[in-house]
Amino acid sequence: MSRKLAMMFGALLLVGLGWVAGAQTASPDFEVRVDAPGGETTIECVRGCELVWVERGVPATASRMSTF
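The text that follows walks through the structure, step by step, so that each part is easy to find. Fair warning: this is a prediction, and the values are worked out from it, not measured in the lab. (Residues numbered from 1 in each chain as written. Predicted model: local features only at pLDDT ≥ 70, side-chain atom pairs only at ≥ 80, totals over all residues. Heavy atoms only, no water.)

Topic: the overall build of the protein chain
Counting its regular elements, the protein chain contains one helix and two strands. Listing each helix as α and each strand as β along the protein chain from the N terminus yields α-β-β. Radius of gyration (C-alpha) of the protein chain: 24 Å, far over the 11 Å computed for a compact globule of 68 residues. Projected onto its principal axes, the C-alpha positions of the protein chain cover 75 × 30 × 20 Å. Sorting the 68 residues of the protein chain into buried and exposed places 3% on the buried side. Of the contacts formed within the protein chain by residues at least 6 apart in sequence, a portion of 10% connects residues at least 24 apart. When the accessible surface of the protein chain is totalled, it reaches about 6,300 Å², and 61% of it is carbon and sulfur. (Helix = DSSP H or I, 4+ residues; strand = E, 2+ residues; numbered from the N terminus. Rg over C-alpha atoms; globule rule 2.2 N^0.38 Å. Buried < 20%, exposed > 50% of the residue type's maximum accessible area, 1.4 Å probe, protein only. Contact = heavy atoms within 4.5 Å. Areas by Shrake-Rupley, 256 points an atom, 1.4 Å probe, with all protein chains shown as cover.)

The following block contains the structure:
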């Protein structure tokens, strides 16, 4: 009986620790907003990033922008 209680207590302790550890969320380093209605798609860097159009390698004339 005491072994079952110890196992239950251990299981509850592990679940509680997982719950507490999972609640510690960090804020993201960057934010991107994508607006994709039926027509044209817009991608905008909201915070912490810059966008560059790249197809096959980074072109030498590539400039950074906040909105595509």
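Thoughts on a nonpolar patch on the surface
Side chains of Phe9, Leu13, Leu14 and Leu17 sit close together on the surface and give an oily, nonpolar patch of about 450 Å² of accessible area. Tracing the backbone shows Leu14 in helix 1 (residues 2–22). Assessed through its relative accessible area of 60%, Leu14 is described here as exposed. (Patch = residues over 30% accessible without salt bridge, like charges linked within 9 Å, V, L, I, M, F, W, Y side chains within 5 Å. Salt bridge = Lys/Arg side-chain N within 4 Å of Asp/Glu carboxyl O.)

Describing the pairing of strand 2 (residues 42–47)
Judged from the five bridges that link them, strand 1 (residues 31–35) and strand 2 form a sheet pairing that is antiparallel. Directly across from Arg33, in strand 2, lies its bridge partner Glu44. Linking two consecutive strands that pair antiparallel, namely strand 1 and strand 2, is a turn of six residues. (Pairing = 2+ DSSP bridges.)

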